[in-house]
Amino acid sequence: MDWKKFIGETEANIGTLSKEIPQTVKGFGQMGQAAKAEGALSEKTKEFIALGIAIATRCDSCIGFHVRSLVRLRATREEFTEALAMATYMGGGPSFAYSAKALEAYDAFSSDD
C-alpha cells in the first residue's frame, strides 16, 4: 500500500465530508485537541494507545494517521515495534496482520521521499 497516497486521499475525502457536517467536525476537532493535550501522559504515549485501538479495530486510515503522528513525535522503531508486540498479544492473529501493516506505514512515513 502507498501509505502517503492513501492518507492523502483519505484527508481529501474527510475534507469533502467536513463541508457537509461542519459542526460535527468542529466538535470532533475539539475533542481530539483535548484528548491529545499533554498531561499525565505525553502526546506520544496517547498516540501509541490510539495506534493499539486502530490495530484492534482494523482501521487502515486510523493506523495511517496515528503512525504518521508517531513518526512526527519521533517514536523510535524499537518503541514502535514493542507497541506492536503488545497490540499483537492483545488482539491475536488479526492484530498481528494489522501490526505488520502498521510497521509498513511506519517505514513509509519515516522515509524522506
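Refer to the preceding data block for the structure.
Owing to the predicted nature of the structure, the values given are computational and were not obtained by experimental measurement.

Colleague: Can you walk me through unusual backbone geometry in this structure?
Modeller: Excluding glycine, most residues fall at negative phi; most peptide bonds, likewise, are trans. Phi is positive for R58, which is not a glycine, with a value near 60°. Mapped onto the elements of the fold, R58 is located in the loop between α3 (43-57) and α4 (60-72). The exposure class assigned to R58 is partly exposed, which follows from its relative accessible area of 44%.

Colleague: What is the right way to look at the pattern of salt bridges in this model?
Modeller: Once the charged atoms of two side chains with opposite charge are near each other, the side chains can pair. One pass over the structure, following the stated rule, counts six salt bridges. Between D107 and R77 there is a salt bridge, with the nearest N and O atoms lying 2.3 Å from each other. Look at D107 and you get partly exposed, because its relative accessible area is 36%. R77 gets classed as partly exposed once you look at its relative accessible area, which sits at 39%.

Colleague: What exactly am I supposed to notice about the nonpolar core here?
Modeller: A general feature of soluble globular proteins is that nonpolar side chains tend to end up buried together. Ranked by size, the top nonpolar core spans 20 residues in total, and within it L51, I55, I63, V67, F80, A102 and F109 carry the most contacts. The biggest single contributor to this core is helix α5 (residues 77-110), with nine residues. Discounting chain neighbours no more than four positions away, the residues touching L51 are I63, H66, V67, L70, F80, L84 and A102.

Colleague: Can you walk me through the side chain of S18 in this structure?
Modeller: Take S18: it is sitting in helix α1 (residues 3-20). Among the residues examined, S18 registers a relative accessible area of 18% and is labelled buried. A polar atom in the side chain of S18 sits 2.7 Å from the backbone oxygen of I14.

Colleague: Mind showing me how you'd approach the packing of α1 against α5 here?
Modeller: Geometry of a packed helix pair, given as the angle between the helix axes and the separation of the axes. Here α1 crosses α5 at 95°, and the two axes come no closer than 9 Å. Relative to α5, the element α1 lies roughly perpendicular. Only K101, E104, A105, A108 and F109 of α5 make contact with α1, whose side of the interface consists of W3, K4 and I7.

Colleague: Just to check I follow, could you spell out a nonpolar patch on the surface for this structure?
Modeller: On the surface, L17, I21 and V25 cluster together into a nonpolar patch covering about 220 Å² of accessible area. When you line up the elements, I21 lands in the loop between α1 and α2 (22-36).

Conventions we followed
Throughout, residues of each chain are indexed from 1 in the direction in which the sequence is written. Local features in a predicted model are, by the rule used here, given only for residues with pLDDT of at least 70; side-chain atom pairs are given and counted only at 80 or more, and totals for whole chains, interfaces and linings are based on all residues. The side-chain quantities take in all heavy atoms of the structure and omit both hydrogens and water. Secondary structure counts use DSSP, requiring at least four H or I residues in a row for a helix and at least two E residues in a row for a strand, with both numbered from the N terminus. Partly exposed describes any residue whose relative accessible area lies between the buried limit of under 20% and the exposed limit of over 50%, with all areas from a 1.4 Å probe on protein chains only and scaled to the type maximum. The salt bridge criterion pairs a side-chain nitrogen of Lys or Arg with a carboxyl oxygen of Asp or Glu, the two atoms within 4 Å. By convention a nonpolar core is built from buried Ala, Val, Leu, Ile, Met, Phe, Trp, Tyr and Cys residues, the set being connected through side-chain atoms within 4.5 Å. Contacts are assigned to residue pairs that have any heavy atoms within 4.5 Å of one another. We define a polar contact as two N or O atoms separated by no more than 3.5 Å, with the added condition that, inside protein, one atom must be a possible hydrogen donor and the other a possible acceptor, whereas residues neighbouring each other in sequence contribute only through side-chain atom pairs. Angular values range over 0 to 180 degrees, each being the angle between N-to-C directions of two axes fitted as lines to C-alpha atoms, with helices fitted over their stretch in contact. In what follows, roughly perpendicular refers to angles from 65 to 115 degrees, roughly parallel to angles under 35, roughly antiparallel to angles over 145, and oblique to any angle outside these ranges. Residues enter a patch when their relative accessible area is above 30% and they make no salt bridge; the linking distance is 9 Å between like charges and 5 Å between nonpolar side chains (Val, Leu, Ile, Met, Phe, Trp, Tyr). Note that accessible areas follow from Shrake-Rupley with a 1.4 Å probe, and for residues the cover is restricted to the protein chains shown.

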